[in-house]
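Notes for the structure review
If you want the building blocks of each chain, they are given just below.
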2 protein chains.
Amino acid sequence: MKKVSLKVIARELGVSAATVSLVLNGKNKNGRVSEEMSKKIIDKAAELNYIPNSLAKGLKMGHSKSIGLIVADISNVFFGTLALHIQNYAESEGYTVIIGNTNEKLAQMEKIIFFLNSRQVDGLIITPAEGSDELIQSILEIKKPLVLVDRGFPDLDVSSVLINNYEICFRATKQLIDQGYKNSAFIGYKQNQFHTNERKRGFVEAMKEAALFTPDQVKEVSYQSLEEDMDEVISQLLKCAQKVEAIFFATNTISMAGVKSLLKRGVLIQKDIQVMCFDETDAINLFPFRVPFIKQPIEEMARKALELLIEQIEKKEVKNHKLFLEAELIS
Amino acid sequence: MKKVSLKVIARELGVSAATVSLVLNGKNKNGRVSEEMSKKIIDKAAELNYIPNSLAKGLKMGHSKSIGLIVADISNVFFGTLALHIQNYAESEGYTVIIGNTNEKLAQMEKIIFFLNSRQVDGLIITPAEGSDELIQSILEIKKPLVLVDRGFPDLDVSSVLINNYEICFRATKQLIDQGYKNSAFIGYKQNQFHTNERKRGFVEAMKEAALFTPDQVKEVSYQSLEEDMDEVISQLLKCAQKVEAIFFATNTISMAGVKSLLKRGVLIQKDIQVMCFDETDAINLFPFRVPFIKQPIEEMARKALELLIEQIEKKEVKNHKLFLEAELIS
DNA sequence: AATTTTTAATTAATCGTTTAACTTACTATT
DNA sequence: AATAGTAAGTTAAACGATTAATTAAAAATT
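Along each chain, residues carry numbers from 1 onward, in the same order as the chain's sequence is written. A letter from A marks each chain and a number from 1 marks each ligand, given out in the order of writing. The model is predicted, so local features are restricted to residues of pLDDT at least 70 and side-chain atom pairs to those at 80 or more, both for listing and for counting; the totals for chains, interfaces and linings are taken over all residues. Computation of side-chain values covers all heavy atoms of the structure but excludes hydrogens and water.

1. Quick word on the overall build of chain A
For chain A, the helix and strand inventory stands at 13 helices and twelve strands. The C-alpha atoms of chain A give a radius of gyration of 26 Å, which is well past the 20 Å a tight globule of 331 residues would have. Projected onto its principal axes, the C-alpha coordinates of chain A cover approximately 90 × 40 × 35 Å. Across chain A, contacts joining residues at least 24 apart in sequence account for 67% of those joining residues at least 6 apart. Note on areas: Shrake-Rupley, 1.4 Å probe, and residue coverage restricted to the protein chains presented here. Surface exposure of chain A reaches about 15,400 Å², of which carbon and sulfur atoms provide 51%. Side-chain charges in chain A split into 42 positive and 43 negative, and the spacing between the mean points of these groups amounts to 6 Å. A helix here means a DSSP run of H or I that spans at least four residues, while a strand means a run of E at least two residues long, and both kinds are numbered starting from the N terminus. Note that the radius of gyration is over C-alpha atoms, with the globule rule given as 2.2 Å times the number of residues to the power 0.38. We call two residues in contact whenever any of their non-hydrogen atoms come within 4.5 Å of each other. Counted as positive: Lys and Arg. Counted as negative: Asp and Glu, with His and the chain ends omitted from the count. Think of each charge as sitting on NZ of Lys, CZ of Arg, CG of Asp or CD of Glu.

2. So, the protein's contact with DNA strand D
Note on definitions. A residue lies near a molecule or strand when any single heavy atom of the residue is within 4 Å of it. Ser16, Thr19 and Ser34 of chain A together with Leu6 and Tyr50 of chain B are the nearest of the 27 residues found near DNA strand D. Per the 4 Å cut-off to the protein, sugar and phosphate atoms form 64% of the nearby atoms of DNA strand D. Between DNA strand D and Leu6 of chain B, the relevant distance is 2.5 Å, taken from a phosphate oxygen to a main-chain nitrogen or oxygen of the residue. Interatomic distance of 2.9 Å between a side-chain N/O atom of Lys27 of chain B and a phosphate oxygen of DNA strand D. Mapped onto the surface near DNA strand D, the elements with two or more residues apiece are α2 (17-24) and α4 (54-61) of chain A together with α1 (6-13), α2 (17-24) and α4 (54-61) of chain B. Sorting elements by how many residues they give to the surface near DNA strand D places α4 of chain B first, with four residues. Under the scheme applied, nonpolar residues are Ala, Val, Leu, Ile, Met, Phe, Trp, Tyr, Cys and Pro; charged residues are Asp, Glu, Lys and Arg; polar residues are all the others, including Gly. Within the surface near DNA strand D, the residues separate by chemical class into twelve nonpolar, eight polar and seven charged. In protein, a polar contact means a hydrogen-donor-capable atom and an acceptor-capable atom, both N or O and within 3.5 Å, with residues adjacent in sequence counting only if both atoms are side-chain atoms; elsewhere, any N or O pair within 3.5 Å suffices.

3. A closer look at the side chain of His195 of chain A
You can see His195 of chain A is positioned in helix α9 (residues 194-209). Look past the residues within four positions of His195 of chain A in its chain and what remains in contact with it is Asp150, Arg151 and Asn165 of chain A.

4. Describing the protein's contact with DNA strand C
By nearness alone, 28 residues border DNA strand C, and Leu6 and Tyr50 of chain A together with Ser16, Thr19 and Ser34 of chain B come closest of all. By atom count, sugar and phosphate contribute 64% of the portion of DNA strand C lying within 4 Å of the protein. Within the backbone of Leu6 of chain A, a nitrogen or oxygen atom sits 2.7 Å from a phosphate oxygen of DNA strand C. Within the contact set of DNA strand C, a base nitrogen lies 3.4 Å away from a backbone nitrogen or oxygen of Ala56 of chain A. Those elements that provide at least two residues to the surface near DNA strand C are α1 (6-13), α2 and α4 of chain A together with α2 and α4 of chain B. Take the surface near DNA strand C: its biggest share by element is four residues, from α4 of chain A. Grouping the constituent residues of the surface near DNA strand C by class yields twelve nonpolar, nine polar and seven charged.

5. Here we look at the pattern of salt bridges
For salt bridges, the criterion is a side-chain nitrogen of Lys or Arg within 4 Å of an Asp or Glu carboxyl oxygen. Summed over the entire model, instances satisfying the criterion amount to 30 salt bridges over all chains. In this structure, the salt-bridge partner of Lys174 of chain B is Glu209 of chain B, at a minimum N-O distance of 3.5 Å. With a gap of 35 residues between them, Lys174 of chain B in helix α8 (residues 165-178) and Glu209 of chain B in helix α9 (residues 194-209) connect regions that are remote in the sequence. Ionic contacts of the salt-bridge type, sharing partners, join the residues Glu12, Lys44 and Glu47 of chain A into one network.

6. A few points about the state of the cysteines
Residues and elements named next belong to chain A. Any two cysteine sulfur atoms within 2.5 Å of one another count as a disulfide. Counted under the stated rule, the structure contains zero disulfides over all chains. Free cysteine: Cys169, not disulfide-bonded; nearest cysteine sulfur from Cys277 at 12 Å. Taking the relative accessible area as the measure of exposure, Cys169 reaches 0% and is therefore buried. For every residue, the accessible area obtained with a 1.4 Å probe (protein chains only) is divided by the maximum for its type, and the residue is called buried under 20%, exposed over 50%, and partly exposed between those limits.

7. Details of the relation of the copies chain A and chain B
Related by rotation about an axis and a shift along that axis, the two copies of the chain form a pair. Mapping chain A onto chain B calls for a screw motion: a turn of 180 degrees about the axis and a shift of 0.0 Å along it, with 0.1 Å RMSD after fitting. Overall, the copies show the geometry of a two-fold rotation axis. With an isologous cut-off of 70% or more, the 100% of interface residues of chain A that recur at the interface of chain B puts this contact in the isologous class. Alignment of copies: least-squares fit on C-alpha atoms of residues with pLDDT of at least 70 in both copies.

8. A word on the packing of α1 of chain B against helix α3 (residues 35-47) of chain B
Residue and element names in this part refer to chain B. Direction vectors running N to C along α1 and α3 enclose 125 degrees, while the axes themselves pass 10 Å from each other. Comparing their axes, α3 and α1 come out oblique. When you trace α1 past α3, the crossing you get is right-handed. Within the contact between the two elements, α1 uses Ile9, Glu12 and Leu13 and α3 uses Lys40, Ile41, Lys44 and Ala45. Residues that form the contact of α1 with α3 fall into these classes: four nonpolar, no polar and three charged. Here the axes come from fitting lines to C-alpha atoms, over the contacting stretch only for helices, and the angles between their N-to-C directions go from 0 to 180 degrees. Angles are sorted into four bins: roughly parallel if under 35 degrees, roughly antiparallel if over 145, roughly perpendicular if 65 to 115, and oblique for all others. Should the near helix be turned counterclockwise from the far one by less than a right angle, the crossing is left-handed, whereas a clockwise turn marks it as right-handed.

9. Some thoughts on the interface of chain A and chain B
Facing 49 residues of chain A, the contacting portion of chain B comprises 49 residues. For the pair chain A and chain B, the interface holds two salt bridges. Note that Glu91 of chain A is salt-bridged to Lys111 of chain B, the shortest N-O span being 3.0 Å. Linking chain A to chain B there are 18 residue pairs in polar contact (both at pLDDT 80 or more). Of all the secondary structure elements, the ones that give two or more residues to the side of chain A that touches chain B are α4, α5 (77-92), β2 (96-101), α6 (106-118), α11 (252-264) and α12 (282-285) of chain A. If one sorts the elements of the side of chain A that touches chain B by residue count, α5 of chain A sits on top with seven residues. Each residue belonging to the side of chain A that touches chain B can be placed in one class, and the counts come to 23 nonpolar, 16 polar and ten charged.

10. A short note on unusual backbone geometry
The phi angle at Lys143 of chain A is positive, at roughly 60 degrees, despite the residue not being glycine. Even without being glycine, Asn49 of chain B reaches a positive phi, approximately 60 degrees. Tracing the backbone shows Asn49 of chain B in the loop between α3 and α4. A relative accessible area of 57% means that Asn49 of chain B is categorised as exposed.

11. Points about the sheet that holds strand β5 (residues 160-163) of chain A
All names here are of chain A. Any two strands with at least two DSSP bridges between them are considered paired. Taken together, six strands build an open sheet; the order of strands is β2-β1-β3-β4-β5-β11 and the sheet is parallel. Strand pairing shows two members of the sheet lacking a second neighbour, β2 and β11 (322-325), which therefore form its edges. Sheet twist, expressed as the mean angle between neighbouring strand axes with direction ignored, is 20 degrees. By the bridge criterion, three bridges tie strand β3 (residues 123-126) to strand β4 (residues 146-149) in an arrangement that is parallel. Across the sheet, the residue bridging to Leu124 is Leu146, located in β4. Along the sheet, helix α7 (residues 133-141) makes contact with β3 and β4, crossing β4 at roughly 150 degrees.

12. Here we look at the sheet that holds strand β11 (residues 322-325) of chain B
Residue and element names in this part refer to chain B. Here six strands make up an open sheet; going across it, the order is β2-β1-β3-β4-β5-β11 and the pairing parallel. Bordering the open sheet on either side are β2 (96-101) and β11, each of which pairs with just one other strand. The sheet shows a mean angle of 20 degrees between the axes of neighbouring strands, direction not considered.

13. A look at α7 of chain A
Residue and element names in this part refer to chain A. Taken together, the buried positions of α7 are occupied by Leu135, Ile136, Ile139 and Leu140. Around the axis of α7, the buried residues are gathered within 150 degrees of arc, so they sit on the same side. Where α7 is buried, its residues meet α6, β3 and β4. Just past α7, the residue Lys143 takes up positive phi, approximately 60 degrees. Working definition: the arc comes from the directions between the helix axis and the C-beta atoms, pointing outward to the latter.

This is the structure in structure tokens:
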């Protein structure tokens, strides 16, 4: 069973490969190829089950009609959902998506970028790992179309689709305060990324404004030992002299681990302690009552990121926009 | 900033592109290229930040060193985890993975296969959608390396990595019976796929063996309207004359929806009703007590699927194995 | 000194497509 | 009858990399 190329179709019909290419790409304008031959070619292609070789096409055309999506971990439901929407939208625009996982490692991210570039992706959508600003800078330098999503670098002039982390966390905290939860804690990752810092800042500023802030309200857990750290932090909070009334979890994975740790100790959510989660997770969906959470517009993030990227790719100019989409406070 | 190709490196050093290719691919055995020139070439490649064009390489070599992974929905954590492991293992073998979502639609699956083939993937790993046996057959006919995972077609002679669905469900049901839950229900999807039928059969046979089976113990929900159907089914079960003592959920998404629906009605899991879940989900991880579930060896499935695929690709012969891995009953 | 062997490269074809430029045979116009 | 115009193709180079076959010079062997 030989591979079916343009040449094979051409030979079978006694025409040149060029003619076949013209017809199959709909470029037989102003009398390039006769109606009759066009039909023959189209029929023969279907008969032989012709599949165009996009490696050859990409090589010739200088673009691959594919984009790279780099996330931390595709098994995390936030990234999975983002990927799903990006793929769906990309497909409708004629692009394929190749996904890479960094596992939050800089070295891994570097490897993936090389890999994707060698595969000639036309552009990249990245949720950058901590400390990857120089790497991002180097992508900008080779003028490869690029959009950051979810996380950005304020100092870098690069297209980004972000959310209003500070403001939404400020509002969420304020709401807790207004509802009477005076002594709250905030649990975030032990890292130094702009977007998570902003979330923390939202919490801190709201507490300060109400003159309720003390530094020990902010706790950190590490990505690698999430469950253990969480158990430690939660038990610290529970045996505090001044009773903790609410806990603000800074990400979806933290929310999950946090709620789990609370339940393990027999703490009743909303009765003993109120929680505020970032992202809608199964953890809070299961309760027979509403648990307040911050909902990110994931689908819109995906769409905007792709729009910005395709604009860069097709207009060939790197115009940088930073978009701040609005997250929603659901309670 | 011109693109850096082999030719560019060659020109800068006054040698031919062939020499550069030889060196950069480590093929300068038995005195093809001098040590001196080798070093120069390697240094220059690094200096110019050379990135090989894998479209060109793939075109020439006849393989792309990439594989296609087709799943139902990458935002589903089961598929996300599968994808993560497949990617990790593929990477260590020098392959890229391109993921496609079928959304359980046959037409979509057909489109994706065409797409991936045009991108010259060297092989495919597929979780086939319902009714896709003919489509799978057509892939076999063009002798494209192929491995099915999670779901298989018993009548098709195709490499597959599956689990012992019947046996593990039989055992799980038997365990429920042994623990005293005499009147159980089984909730699965309204579809006709071999792997889910096997799960149902496991339940039914175990109940029959204990002379506890009645046909109305088996309920069905549809994928498209899961939550509504689940609420309907659960309320049916709750107002049954004969009290339902345990519910067996046939997949991870069903488990999630089922537990949620029960909690919404104030039913206490394990106190009022025992549950048995397929897959470990957040739904059951959150309880402060152990909820029994069936654990699939996802990482091993990923590894075996890739092993079988790469074997096919590299040995060029399509030797079909059907692997049945063992799921584990955790309680 | 003549011949063989080894070393260090180069040449040229090829993978499958695309497309600008060209050709050839008709038809229409003056 | 000579010229222009159109219809329906073909030719050939190019994209970037690989590799079998070849070449040319230097070193080793007789």
